[in-house]
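# Understanding the architecture of this molecule
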Amino acid sequence: MIPAKFDYVRPASLTEAVSALAEAGEDAKILAGGQSLLPVLRLRMAAPSTVIDLGGIPELRRIGADDDYVMIGSMATHHDVVRDDLVNEQVELLAKATATVADPQVRHRGTLGGALAHADPAGDLGAVALALDAEFVVLGPKGTRLIRAADFFQDYFTTAIGEDEILTMVRFPKFGGWKSHYEKFNRTAQAWSMVAIAVALKVDGGTITEARVGLTNMGNTPIRASGVEQALVGKSADIDVAKAAAEHALEGTAAPSDADAASDYREHLAKVLTGRAVLAAAG
Ligand SMILES: Cc1cc2nc3c(=O)[nH]c(=O)nc-3n(C[C@H](O)[C@H](O)[C@H](O)COP(=O)(O)OP(=O)(O)OC[C@H]3O[C@@H](n4cnc5c(N)ncnc54)[C@H](O)[C@@H]3O)c2cc1C
């Protein structure tokens, strides 16, 4: 289908973008890579009066760091993230998970910010952001606000970004030296996750000293697997520990049933994949 008619605005600065959003009101939609928004418009599941394209603001695509954080502009594409040395060194789990997103065409257009703002429960990057305690920087008419990942994902396709706000940057604490793995189970290569597990471990002399675990597509939002994390810390990184920790994978989950999988199958997958992900991360 052809989208309903809309006005198209391409601001050249963030200030212009925030004003355009305020002017257009609640019927406006922000356009990042368009990989999720355009299908939604074509299916007429949304009919915004104005589309505000962030593609003309180069600063939104920058990736940099300070002493504590790697800061990724919301318009950095998945391809940018996968290829970036800083991200691979300091936030390896994000690079690994992003490499599993879709196919090269989508990764060249789709953006980190767009994927997280879209908040599809099957999206691969939410569980990573949650497990790694990422922080979301949003800008609106009242200025900048920082949202913790734990508060960002509110429900199915719903985040804490206000209607008059733009996600400008996602910052990740540095995890240099940690080991990580993203275990994704999908029906066909390059498809969305049926279930996936994000794991980052700090291992010292064979003992896991810190653990971060996030689950994809096991509820309306990404889920932090705190029970699994607690079961890993202080233990050796071996198969029995991984299996025992995986028994906690379903805590706090509400697995959906859909055309891809029934909820009980997802629950089975979550446990098996958690064990695999922990072992793979531990090496
Ligand atoms: C064929 C196909 C397969 C895919 N497979 C996967 C997959 O395996 N795993 C996965 O995780 N994803 C997958 N995706 C989704 C992909 O990751 C998209 O890139 C992502 O969902 C949306 O990013 P985008 O930059 O294209 O955002 P857009 O489509 O432009 O925007 C998405 C939504 O976010 C809002 N938005 C965008 N940027 C901002 C911002 N800066 N501030 C506030 N709101 C904003 C928009 O208004 C819109 O509502 C797939 C997509 C396609 C088309």
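See the structure printed just above.
The notes below deal with the structure included here. (Residues numbered from 1 in each chain as written. Predicted model: local features only at pLDDT ≥ 70, side-chain atom pairs only at ≥ 80, totals over all residues. Heavy atoms only, no water.)

### Points about the pairing of strand S10 (residues 166-173)
In terms of residue burial, S10 counts as a mostly covered element, since six of its eight residues are buried. Examined bridge by bridge, strand S5 (residues 69-73) and S10 share five bridges and lie antiparallel to one another. When the sheet's bridge partners are listed, Ile 72 is paired in S10 with Val 170. Pairing of strand S6 (residues 135-140) with S10 involves five bridges; the strand directions are antiparallel. In the strand pairing of S10, Glu 135 is matched with Arg 171. (Buried < 20%, exposed > 50% of the residue type's maximum accessible area, 1.4 Å probe, protein only. Helix = DSSP H or I, 4+ residues; strand = E, 2+ residues; numbered from the N terminus. Pairing = 2+ DSSP bridges.)

### Things to note about the nonpolar core
One finds Ile 72, Leu 94, Leu 112, Leu 116, Phe 136 and Phe 172 to be the most contacted residues of the largest nonpolar core, which totals 38 residues. The residues that make up this core include at least three from each of domain 2 (58-173) and domain 3 (179-282). In this structure, Leu 215, Met 218, Ala 255 and Ala 270 belong to the second largest nonpolar core, which totals 28 residues. (Core = buried A, V, L, I, M, F, W, Y, C linked by side-chain atoms within 4.5 Å. Domains from an automatic or database assignment.)

### With respect to the side chain of Ser 193
Tracing the chain through its elements places Ser 193 in the loop between strand S11 (179-185) and strand S12 (195-204). Polar contacts involving the side chain of Ser 193 include one to the side chain of Asp 124, which spans 2.6 Å. What Ser 193 contacts, discounting residues up to four positions off in sequence, is Ala 122, Asp 124, Tyr 182, Lys 184, Phe 185, Asn 186, Thr 216 and Asn 217. (Polar contact = N/O pair within 3.5 Å; in protein donor to acceptor, adjacent residues only side chain to side chain. Contact = heavy atoms within 4.5 Å.)

### Topic: a negative patch on the surface
Together, Glu 26, Asp 27, Glu 163 and Asp 164 give the surface a local cluster of negative charge. The residue Asp 164 is located in the loop between strand S9 (158-159) and S10 in this model. Here Asp 164 falls in the partly exposed class, since its relative accessible area comes to 35%. (Patch = residues over 30% accessible without salt bridge, like charges linked within 9 Å, V, L, I, M, F, W, Y side chains within 5 Å. Areas by Shrake-Rupley, 256 points an atom, 1.4 Å probe, with all protein chains shown as cover. Salt bridge = Lys/Arg side-chain N within 4 Å of Asp/Glu carboxyl O. Lys, Arg positive; Asp, Glu negative; His and termini not counted. Charge placed at Lys NZ, Arg CZ, Asp CG, Glu CD.)

### Remarks on the site of the ligand
If you check the shell around the ligand, you find 28 residues, and the closest are Ile 30, Ser 36, Leu 37, Thr 111 and Asp 124. One of the backbone N or O atoms of Gly 33 is found 2.8 Å from an oxygen atom in the ligand. With the chains in place, 89% of the 980 Å² that the ligand exposes on its own is no longer accessible. For the shell around the ligand, the secondary-structure elements that each account for two or more residues are strand S2 (28-31), helix H7 (112-118) and S10. Broken down by element, the shell around the ligand gets its largest block of residues, four residues, from H7. In terms of residue class, the shell around the ligand is built from 14 nonpolar, eleven polar and three charged. (Near = heavy atom within 4 Å. Nonpolar A, V, L, I, M, F, W, Y, C, P; charged D, E, K, R; others polar.)

Structural measurements only, silent on function.
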